[in-house]
Amino acid sequence: MMACMFDPITLEILWRRLISIVDEADGSVARTAFSSLLRDAHDYTCMFTDPMGRELAQGTFATPGQSGAMALGVKNLIRKFPKEYYKPGDIFITNDPWALAGHLNDVCVMSPIFYKERLVAFTSCVFHHSDIGGRVASDNHDVFEEGLFIPLVKLYDGGVPNPSVLDMIRWNVRTPDEVIGDIRSQIAANHVCAEKICRMLKESNLDNLNDLADQIVTLTERNMREEIEKIPDGVYPAKGIIEQMKGKEDIVIQAKVEIKGSDIIVDLDGSSGQVNWGGNVVFNFTYAYVFMAIKSMFVPDIPNNDGCARPIKLLAPEGSVVNCKFPAAVAARMGVGHFLTEIIYRALSGVLPMSVIAGSGGTPAAMNVFYGKRGDGKPWHSVIIRGGGMGAGAVNDGNYVYIFPANGANTPVEIFESDTPLIVEKRELLIDSGGCGKMKGGLGKREVFRVPDDEYAPIPPVNLGIQAGRYIYPAEGLFEGRPGTRAQFLVNGESENSYGLTQLKPGDAVTIDAPGGGGYGSPFERDPEIIANDVVEGYVSIESARNDYGVAVDPFTGSVNMEETDTLRKHRK
Amino acid sequence: MSNKFYRLGCDIGGTFTDFVLLNDRTGEIRTGKCLTTPRDPSDAVEEGIRVLERSTPGFVAEMDELIHGTTLVINSIIERKGARTGLITTKGFRDVLEIGREIRYAPYDIFAEFPRPLVPRRFRIEVDERVRSDGSVLKTLDPEEARRAVQMLLAMGAESIAVCLINSFENPVHELMLEEIIKKEAPAVSVSISYRVLPQIREYERTSTTVTNAYVKPLTEHYLSRLAGRLESIGFKGKLFIMLSSGGVTSVETAAEFPVRIIESGPTAAVIAGQYYGRHFSIPDMFCFDMGGTTAKSCLIQKGVAGVVPTFEVGRVQRFMKGSGLTIQVPVVDLMEIGAGGGSIAKISKMGTLQVGPESSGAVPGPICYGRGGVDPCVTDADLLLGYLDENYFLGGEMRLDKEGAGRGVEEKVVNPLGVSFIQAIWGIHDLINETMAAAAKTHIAEKGGNPKIVTIAAFGGAGPVHAYGLAKKLGAPRLLVPPNAGVGSAMGFFTAPRAFDVLRSHKVSLADASFAEIEDIFRGLEEDAAKILRKEAGDDVIRFERSMDMRFVGQGSEVNVPEASREFAAAVKDNVRRLFDDTYEKLYGRTYPDSEVEFVNFRVRASLPERLLQLPRLDGKGGQTLADAVKGERLAYSPTARQFIPYTVYDRYRLFPTAQFSGPAIIEEKESTLIVGEDAHVTTDEFGFLWIDLQGAR
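Read on for a plain summary of the structure.

Thresholds, definitions, all that
Residue indices begin from 1 for each chain and proceed along its sequence in written order. Here chains are named by letter from A upward and ligands by number from 1 upward, in the order in which they appear as written. For this predicted model, a pLDDT threshold of at least 70 governs which residues receive local features, and a threshold of 80 or more governs which side-chain atom pairs are given and counted, while totals over whole chains, interfaces and linings are taken from all residues. Only hydrogens and water are set aside when side-chain values are computed; all heavy atoms of the structure are taken into account. At least two DSSP bridges between two strands are needed for those strands to be called paired. Think of it this way: any DSSP run of H or I at least four residues long counts as a helix, any run of E at least two long counts as a strand, and we number them from the N terminus. Whenever a helix is involved, its axis is fitted only over the stretch in contact; in every case the axis is a line through C-alpha atoms, and angles between N-to-C directions fall within 0 to 180 degrees. Whether two residues touch is decided by their heavy atoms; if any such pair falls within 4.5 Å, the residues are in contact. The buried label applies to any residue whose accessible area, calculated with a 1.4 Å probe on protein chains only, is under 20% of its type's maximum; exposed applies above 50%, and partly exposed to all values in between. Buried area: the accessible area, evaluated with a 1.4 Å probe, that two parts lose upon being put together, summed over both parts. When a carboxyl oxygen of Asp or Glu lies within 4 Å of a side-chain nitrogen of Lys or Arg, that pair is called a salt bridge. Here a polar contact means two N or O atoms within 3.5 Å. Within protein one must be a hydrogen donor candidate and the other an acceptor candidate, and residues neighboring in sequence count only if both atoms are side-chain atoms. Ten residue types, Ala, Val, Leu, Ile, Met, Phe, Trp, Tyr, Cys and Pro, are classed as nonpolar, four, Asp, Glu, Lys and Arg, as charged, and the remainder, Gly among them, as polar. Angular relationships are summarised with four words: roughly parallel below 35 degrees, roughly antiparallel beyond 145, roughly perpendicular across 65 to 115, and oblique for the angles in between. Helix crossings get a hand from a simple test, with the near helix turned counterclockwise from the far one by less than a right angle marking a left-handed crossing and a clockwise turn marking a right-handed one.

All names here are of chain B. Spatial ordering of the open sheet is given by S24-S27-S25-S26, a layout of 4 strands whose pairing is antiparallel. Of all the strands in the sheet, just strand S24 (500-510) and strand S26 (560-564) have a single pairing partner and so form its edges. Taken pair by pair, the neighbouring strands of this sheet meet at an average axis angle of 25°, ignoring direction.

Next up, the structure:
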């Protein structure tokens, strides 16, 4: 059959349509999901692929880690079976970390889509479930300790439900109603996607998506390659050092980024070996954040699909921390995996200074899992994910407060408090936390949680599992920009080890400070008027303005004392 | 029915104020247009009414209602020209407004921009108080401290104060205390408390909505009270209504209290008119395109119905992307608005390329050609120089345009710095603004599941018909529809807007535990409330009630709306209600789970009066007999196909008659707007004077 070419306008319309279909499925999750991690924090990704497993579109608000890993993972899963294997009404489920998104909480539900009795696409979604059983901590020794492992099995076989699978899950998780409800929400999201795709095929008089898929992927690849070709060939190295919990060695990532014509080869040879705790990253997840860096630098505005991935080749030695082997513990894989993006930026900052940002406080994404029992014995459970200040770029201050390079939303305080017995006493920006620079790093954030000790007191202990980083090594600046402030974890004002599980009693208060982003360029080149405004609004203290930026701001008028500023800056040059 | 028989629709845009006067007895329609007077918009309203009175003496006393919409509110947000606003919030939560929801709306764009909060950080004051999530008070607010917070904001010069405290939707006691203190200590300062504006969980969305209300409240209050006063002084004794963003109409008092609900009031009128035309002419897919002086508003209307959404964003800062604007949580017609209008300014970007909009010169100073002191070349200047507008027939000749001045401005600000030809510059301005609108339109249409290649574009607004042809070409749309008086046509929507009120009450209870008698009481109470508001206007009309319930599985984060048709809920059977829910859920999400418990969250009532029908007036035969009668002459205008100025035939729209048809290139002039069509267009006039333009180039 001859491939039919769509004219540019039709192509654009159908392409946008595919994306808006995934977005609709994405939107349905917020309406049907149970856990606040999904409905409020948006820790899920919907996408769909052609029958060969090539990614065609993903939700606009996708989480890069999930989507990048899915792009590889779903392709592999689909290709495991011949086409004839799939029947209308089949729905698959798995949370195999090596097959998909790198830890057990990320559960994938995948459905083939049939149109006119032919397989035309697959729709799949990965949700970060609030619980998957196991011991909730980053210091487990292998994946068996981390919870329930669901291999690829059928939830529905040709439309007939397989209740044993859901039963098996129900009895292995702490919050069964929430988890089962959220799996149903995944089924609903796939349903929305499938229905709209069939409608689109019908309205557009198409029998399948194959020609459209070819054209989208080819066009995207061509665009991506054109951008890469503009960069001089060469090998650009960078190194990242990632701190670990007390008593554990730092993890080192070595990256060599090679530009060769329109290809990019990223080689992570020389990185640390896999570890005996949860920081290990599966290949798919490593790939996802390498991809995130490259995509954001070269074609940030082209919708994601298989074509973006084609010029990229990733080499990661098996058995290393960035390509761990089963049954390594992987629960805290974001603590290492998220750093890959900034390492790639650093490697290419010399050749693409306008396309990168400094280190970000939202790397790695931090997660606070709270759980326990209310005074009446009822169990409760809630998760807050959070970021930090983003790194500054050549012409912009760092945004705040964002998870980066992953993505996600905060849980509103009012939602958190209605789900838990805790009181949130603060959620505010941290003054002076952004790395100084010509462009300032994004501010970090302080949150304070209190366990009530009055008639609302829960039955102790209140458990708090934290995954975070940057307690020792802050987000670095670029081109003379300074680092942002470090993360902090305090219990009743005392600094505590925040890796692993913390147990709290009534009356305790914990303070969690998110780190600031790195600055870009010399702080002594920052416009004094902008600093004066930073001081007036309370983003930068008057002391920091003077000491770190060499700008004298009048405490009464809030205006710049130019004469004094000139003197201060002269000395610093 | 009232014995008064005139209705006046009035739409205050950023640049022009439009009027449509309808005589309900004869169906006769008269229109008017004058420049908006931003310092006091009621000046323009009075001026416009006086002009209309010349042709329809004495109508003011015979006016039953004046329905009115305005873009003043939204423009003051987009242009950041609202009141100096302070925010009082719970200790520890000063930055809620700035932190927002923390999601990156463009995950792969590391340079994405976010909007600045309407209240700068130093104007956000904390008070030491706290309400728990169940509504009990954890920390009582000390009235002295509350007073100090208010005084501090007053000392800083706050003109309006927003109050949004954590968990106040469950117990507003501290918000009410602050409200009272503000009213007592500073009666002149306007106050918005979140419990009244949006009693809904989620602090960021509630704060953002409340702050926006506060930001525009002084300006809206001031304007509406002046307007009411002025109308009274010129003898108006009818009812004054304001259009809501949701497509209904409301009283002046409600609008002044909750201006955040009338943000989209102006653009909504065009959508309501569009819905009416869509149904009248049975157009399955219509793209309603309303381009005025400051912004362009569009909406996809499918089978005569536009969508309504519960939340929207104002002032998106990045390529119209979702997530890049300020969140407002009130019901609104699902329309898209971008900064593209006749007043959009053309300038050179940082990268040395041409940029048009979103900055606008507004009504004052306006484009250079208005001769009111404008120095920046605008889209209207380019349209004039391209020959699309006639300097001697703008607003029917009431306003002479300065073509030379416009030319000098373009020369100086675009031609010289860019080093392009004059024609490249003026066509570039026109084409670029079309491209901007087309890109946004494509996204909007696709999001709604439509296809731009089959839509009929209905053009409204002063600049709509000037740019609709270019837009259609870019979208590949096959057909244009230009209603009579298109330049003010959106104001027609005021007459077809439903007089409807939506009321809601939250009451969370599981289906199993619910007392249906109690729920029946809730419904009856809601119906009474809504009826009270409508009764004044109802006369002999019967008020219609529609009941519905928001329900969900216990533990879910949001609800599905389930219609409830019975008028006697106390007698309803639980199994049937459950089935209604399951049916609705299954339709939306494919499967339902009869074993999982469900709960009620909100009960809603929509009360409405029968639609007051609008008879489309037929062309009255005052037009010409032959096409030659309608031809005014010929004018050189730019053709992008020929890439040069070519003769366009100029038609007088008022002289066109049913079945009159002709081909492009043509310019069809009416008082408030000018329609431009290219060589490949074929224009047909119908019996109502609507112009239908088929684009042969389109497939």
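Don't stop here, the text continues.
The subject of this paragraph is the sheet that holds strand S9 (residues 160-164) of chain B. Residue and element names in this part refer to chain B. Read across the open sheet, the 4 strands follow the order S6-S5-S9-S10; overall the sheet is parallel. Since the sheet does not close on itself, it has two edges, and those belong to strand S6 (124-127) and strand S10 (190-193), each with one partner. The sheet shows a mean angle of 20° between the axes of neighbouring strands, direction not considered. Here strand S5 (residues 85-90) pairs with S6 via 4 bridges, running parallel. When the bridges of S6 are listed, threonine 89 appears paired with glutamate 126. Each of S5, S6 and S9 is contacted by helix H4 (residues 143-155), which is oriented at about 170° to S6, the strand it contacts most. Packed on one face of the sheet, helix H5 (residues 173-185) meets S5, S6, S9 and S10 and runs near 175° to S10.

Residue and element names in this part refer to chain A. The residue aspartate 106 is located in strand S4 (residues 106-115) in this model. Here aspartate 106 falls in the buried class, since its relative accessible area comes to 2%. Apart from the residues lying within four places of it in its own chain, the contact partners of aspartate 106 are Gln66, Thr94, Asn95, Ala101, Val126, Phe127, His128 and Arg333.

Bring the parts together and some accessible area is lost; that lost area is often taken as the interface size. Of the residues lining the interface, 66 residues belong to chain B; the matching set on chain A comes to 80 residues. Approximately 6,100 Å² of surface area, both sides summed, lies buried where chain B meets chain A, with 52% of it carried by carbon and sulfur atoms. Where chain B meets chain A, there are 6 salt bridges. Run the count over chain B and chain A and you get 31 residue pairs in polar contact (both at pLDDT 80 or more). Broken down by secondary-structure element, the contributors of at least two residues to the side of chain B that touches chain A are helix H3 (96-99), helix H7 (203-233), helix H12 (422-447), helix H13 (464-475) and helix H16 (574-589) of chain B. When residues in the side of chain B that touches chain A are grouped by element, the largest group, 4 residues, is from H12 of chain B. Taken together, the residues that form the side of chain B that touches chain A break down as 25 nonpolar, 16 polar and 25 charged.

Residue and element names in this part refer to chain B. In the contact formed by helix H1 (residues 41-55) and H7, the axes pass within 9 Å of each other and the chain directions differ by 25°. The orientation of H1 relative to H7 falls into the category roughly parallel. Every pair of crossing elements has a handedness; the one defined by H1 and H7 is right-handed. Every residue of H7 that contacts H1 at Pro41, Ser42, Asp43, Val45, Glu46 and Ile49 is listed here: Tyr223, Arg226, Leu227, Arg230 and Leu231. The residue makeup of the contact of H1 with H7, split by class, is 6 nonpolar, 1 polar and 4 charged.

None of the figures reported here should be taken as evidence of function without further support.
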